[in-house]
Amino acid sequence: MSLELDVKPEQLVELSKKDPESEPLTLKQAKHLADLRFTFSATAKKPLAEAGEKDMVGAGLSIGIGDSELAEYRVVDEMAYYRLDVKKFGELIGFPTPSAEDIDALVPEDESKGIKAVLTGGWVKLDTKELKEAGEAGGAAKDEKKADKAEKKLLDGLRKLFDREITIKDKGSRDGAQHLVATGPVRTLLTGMVDKLRTYAKDMPGGSDGLPTDEDLKGLPNKKISIDFAVKNGELAGATTDLAPLIDDLKKGEKFGLSVTFGEGNKITAPSGATQIHLEDLAAGFGFGPFGRTGEPGDPEDVGYDEFSDEDLDYEEFADEDLGYDDLSDEGV
C-alpha cells in the first residue's frame, strides 16, 4: 500500500506562510514534501484479510522521496530493522547534519557502534522482544481476549457510523476499474470515530493516548469530502481524494490531492550488514542529535553543536543533485 500527495510545491510554501509561529518552507523543502511517499507492505502465511498476528511473516514501512528511501522499518523473523538517511532528513527539515567525520569526533570510542550506524544512515537491528518488554513496562500490555472483543465492538460501531453518515454512488467504469465514490461530513465522521475509540480504548493497546480532544475536533470544518475508490477484478486497487475543501487558505480552484494505491508488494527481507543495537543504546544515540545526552530536548552544548556552523558543514552548498536520490532503490520493501 502506497500513500502520496498530489500537490504543487508552491502551494505548500504559501500554506506554510500562514503559520506565524513557524519559518516558511523553502521551495526546496516544499519539493521534497510534495514528493513524499509512504509505503507499507506485509507478508503472511494466510491471505492478509484472514491473517492474525501469529500468521505474519514480515512487515515493512518506508518513507520515500521520489525513488529513494528516507526512512525504513522492517520486521523479519523476530527482529526489527531501522534505517534513516540522516543527510536527506536534515535537508527536509532545514537542519544541518554532521558528516561521518564529525560523528566520529562527537561519539566517544567506548559508545555503541549502533549509535554511529544510526547517525550515518546505516541499518540497525533490534530484537522485537525488547520492544514488547518495553511496551509492557510502560503499561501497554493488555489482556488479548479483552482487546479482541474491544476491537470487534469498535469495528461494529464504526460500520454503523459509516452506514449512517456516508453516501456511496456508483460512478461506472473508467481506466479499467469500477469507481465508487463515498461522500461524508469530515467533522461528524471524525468526532464519531474518536468517540468510539475512547469507548473501547481502555482495553486496547495504546489506550486513548494521543486522541484529539473535543476542542480540537470543534475546530475542524464540517465540510463534505469525497473519496473515489477504484475496484479492479473485485479487489480494491486504490483511492483518491481532494482535501481542498478542508483548507481555507487555498486559492479558488486549487486542489490538494491525496492518493492511496494497493497492490502486490515485494518480498520483505532482512537487510545485510545491520548493526545490533539495544533500546538503551538507541535512547543514548539521540544524545548526539538535536537532544541532550540524557535524551532530553535542549542544550546544544551537550552535543558540541556550538563547534560546528552551517558553513563548517557545507550546508549551504547542498543541491538537489547532491542528495543522490537515484543512488538508492526501494527493493526489498
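The rules behind these values
- Residues numbered from 1 in each chain as written.
- Predicted model: local features only at pLDDT ≥ 70, side-chain atom pairs only at ≥ 80, totals over all residues.
- Heavy atoms only, no water.
- Buried < 20%, exposed > 50% of the residue type's maximum accessible area, 1.4 Å probe, protein only.
- Helix = DSSP H or I, 4+ residues; strand = E, 2+ residues; numbered from the N terminus.
- Contact = heavy atoms within 4.5 Å.
- Pairing = 2+ DSSP bridges.
- Axes fitted to C-alpha atoms, helices over the stretch in contact; angles between N-to-C directions.
- Phe/Tyr/Trp six-rings, centres within 6.5 Å; stacked < 30°, edge-to-face > 60°.
- Salt bridge = Lys/Arg side-chain N within 4 Å of Asp/Glu carboxyl O.
- pLDDT = per-residue confidence, 0-100.

Caption draft 1: Highlighting helix 3 (residues 86-93). Turning to helix 3, its buried residues number three or more, namely Val 86, Lys 88, Gly 90, Glu 91 and Leu 92. Looking at the buried residues of helix 3, the elements they touch are helix 2 (27-34), strand 4 (68-76), strand 5 (79-84) and helix 5 (113-119). Phi for Gly 94, located one or two positions after helix 3, is positive at around 75°.

Caption draft 2: Just the side chain of Thr 39, in detail. Topologically, Thr 39 is positioned in strand 2 (residues 36-44). What Thr 39 contacts, discounting residues up to four positions off in sequence, is Met 1, Ser 2, Gly 60, Leu 61 and Ser 62.

Caption draft 3: Representation of the pairing of strand 4. Burial within strand 4 is extensive, with 7 of its 9 residues counted as buried. Across 8 bridges, the pairing between strand 3 (residues 56-65) and strand 4 is antiparallel. Counterpart to Ile 63 in the pairing with strand 4 is Ala 71. The hairpin formed by strand 3 and strand 4 contains 2 residues between the paired strands, and Gly 66 there has a positive phi angle of roughly 65°. Alignment of strand 4 against strand 5, held across 6 bridges, turns out to be antiparallel. Residue pairing for strand 5: Tyr 73 is matched across the bridge by Tyr 82. Between strand 4 and strand 5, which follow one another and run antiparallel, lie 2 residues, and Asp 77 among them has a positive phi close to 50°.

Caption draft 4: Main features of the sheet that holds strand 1 (residues 2-6). Ordered in space as 7-8-9-10-11-1-2-3-4-5-6-12, the 12 strands form an open sheet in which the pairing is mixed. Strands with a single pairing partner mark the edges of an open sheet, and in this sheet they are strand 7 (167-174) and strand 12 (275-276). As paired elements, strand 6 (residues 124-127) and strand 12 share 2 bridges and run parallel to each other. The residue of strand 12 that forms the bridge with Val 124 is Thr 275. Strands strand 1, strand 2 and strand 3 of the sheet are contacted by helix 2, whose axis makes an angle of about 25° with strand 2. Helix 8 (residues 186-200) rests against strand 8 (177-185) and strand 9 (224-232) of the sheet, and its axis sits at about 80° to strand 8.

Caption draft 5: Looking closely at the packing of aromatic side chains. A full pass over the atoms with the stated rule returns 1 aromatic pair. Ring geometry for Tyr 73 against Tyr 82: centres 5.0 Å apart, planes inclined by 40°, an arrangement best described as tilted. Given a relative accessible area of 29%, Tyr 73 falls into the partly exposed group.

Caption draft 6: Just the pattern of salt bridges, in detail. A complete count under the given rule lists 13 salt bridges for this structure. Two residues, Arg 37 and Glu 69, come together in a salt bridge whose shortest N-O distance is 3.3 Å. You can see Arg 37 sitting in strand 2 and its partner Glu 69 sitting in strand 4, a full 32 residues away along the chain. The pair Arg 37 / Glu 69 is uniform in exposure class, with both members buried. A salt bridge links Lys 218 to Glu 215; the shortest N-O distance between them is 3.6 Å. One end of the pair is Lys 218 and the other is Glu 215, both in helix 9 (residues 214-218) and 3 residues apart, which spans about a single turn. Each member of the pair, Lys 218 together with Glu 215, is exposed.

Caption draft 7: Spotlight on the confidence of the model for the protein chain. Across the protein chain, pLDDT averages 78, with 76% of residues at or above 70. Here helix 10 (residues 279-285) stands out as the least confident element of the protein chain, with mean pLDDT 62; strand 8 is the most confident, with 95. Taken together, the stretch residues 285-333 has pLDDT below 50 and engages in 95 contacts with residues farther than four places along the chain or on a different chain.

Caption draft 8: Expanded view of the environment of Glu 235. With respect to the helices, strands and loops of the structure, Glu 235 is situated in strand 10 (residues 235-242). Sequence spacing of Glu 235 and Gly 263 is 28 residues, and the spatial spacing of their C-alpha atoms is 9.5 Å.

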